Amino acid sequence: MSIFPLITIAIDGYSSSGKSSMARQLAKTIGYRYIDSGAMYRAVALYAMEHNMINPEGTIDTRSLIAALPEIKIGFRIEDDRQITTLNDRDVESQIRSMAVSNHVSPIAAIPEVRHALVAMQQQMGEQKGIVMDGRDIGTTVFPDAEMKVFVNASPQTRAQRRVAELIEKGIATTYEEVLSNVINRDHIDETRAESPLRKADDALVLDNSTLTIDEQNSWLLERFHEICSNL
Ligand code: CDP
C-alpha cells in the first residue's frame, strides 16, 4: 500500500527509450502498481505467431485474430521480485522479448480491434489509480486525465545500443544493425498508424535521456512525482 496520494502516471515514448525501467523503478519506490502495456501487445503478437496467424511474408490473418481476441487472457504476476507476463496463464516473459516478436508486434498493435480490447483492459487496471503505466498512447488515449504524464525520447542510435546490451545480457543473440533497423521501423509504424498513433500528449513533461544515467533519470522522475503531489 502506498503512503503517497494515489494518482495515475502515464509514461510514453519511443521504442527502447528506457521508459519501462524507469516506470518500473518509480512504481517500486512509491508503492504503486506497474503495468507494461507493451508486454500486452507483445503477448497478442506471440499468440498470433503460435496460432499460425502470421504467414512467412509477415501478412496477418486479421480476421482470425480479431475472432480470437476474447480467448486471449493476459496477466501479470510477481515472481522473485520480477514481473512476469502471462498469456492464458502461461509464463511468456522471455518469449515476448525475442526479436521475432519485436518484428511482428507493431503491425499487430496497429489493428484497431486489438487496441480497443487492450485499452479497455488497461483502463480497468487503472480504475483505482495508484498506477504507473508505460507505452505509446497512455497519456493520450488510455488515461487522458492522468495527473502525471511523461514523454521519453533518446536518439535511435542510443536506444539501439541500450537494447542490444539488454538482449545480450538476457542471452538473446542479435546485432546492433538488426536492432537499429527494428527500432526505426517500429517508430515509423507507431507514429504513422491511424489508430492512436505515438505522439506526445500536450500536457506531458518531456525527458530526453540520451545523456542521463539510470540513476539520474530515476531521480528526475521521482522529483517530478513529488512536485505534482505537492501541488494536488
Ligand atoms: O520496450 P519497447 O520499447 O521495445 O516496446 P514495448 O513497450 O515492449 O512495445 C512493443 C510494441 O507494442 C511497440 O513498438 C508498439 O508498436 C506497441 N505498443 C503500442 O502500440 N501501444 C502501447 N501502449 C504499447 C506498445
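Asks: Before we go on, may I ask you to explain the sheet that holds strand 3 (residues 74-79) in this structure?
Replies: Ordered in space as 3-4-5, the three strands form an open sheet in which the pairing is antiparallel. In this open sheet, the two edge strands, each paired with only one partner strand, are strand 3 and strand 5 (90-91). Across six bridges, the pairing between strand 3 and strand 4 (residues 82-87) is antiparallel. Residue R77 lies in a different strand from strand 4, and its bridge partner there is I84.

Asks: I tried to follow the site of the ligand on my own but got confused; where do I start?
Replies: Neighbouring residues of the ligand: 19 residues in total, closest S16, R42, S106, R115 and D190. Within the contact set of the ligand, an oxygen atom lies 2.7 Å away from a backbone nitrogen or oxygen of S16. The separation between an oxygen atom of the ligand and a polar side-chain atom of R42 is 2.6 Å. For the ligand, whose accessible area on its own is 530 Å², the fraction buried by protein is 98%. Residue assignment for the shell around the ligand shows that the elements contributing at least two residues are helix 2 (37-50), helix 4 (99-109) and helix 8 (176-192). Considering each element in turn, the shell around the ligand owes the most residues, four residues, to helix 2. Classifying every residue of the shell around the ligand gives four nonpolar, six polar and nine charged.

Rules of the game
Residues numbered from 1 in each chain as written. Predicted model: local features only at pLDDT ≥ 70, side-chain atom pairs only at ≥ 80, totals over all residues. Heavy atoms only, no water. Pairing = 2+ DSSP bridges. Helix = DSSP H or I, 4+ residues; strand = E, 2+ residues; numbered from the N terminus. Near = heavy atom within 4 Å. Polar contact = N/O pair within 3.5 Å; in protein donor to acceptor, adjacent residues only side chain to side chain. Areas by Shrake-Rupley, 256 points an atom, 1.4 Å probe, with all protein chains shown as cover. Nonpolar A, V, L, I, M, F, W, Y, C, P; charged D, E, K, R; others polar.

That's the geometry; what it means functionally is another story.
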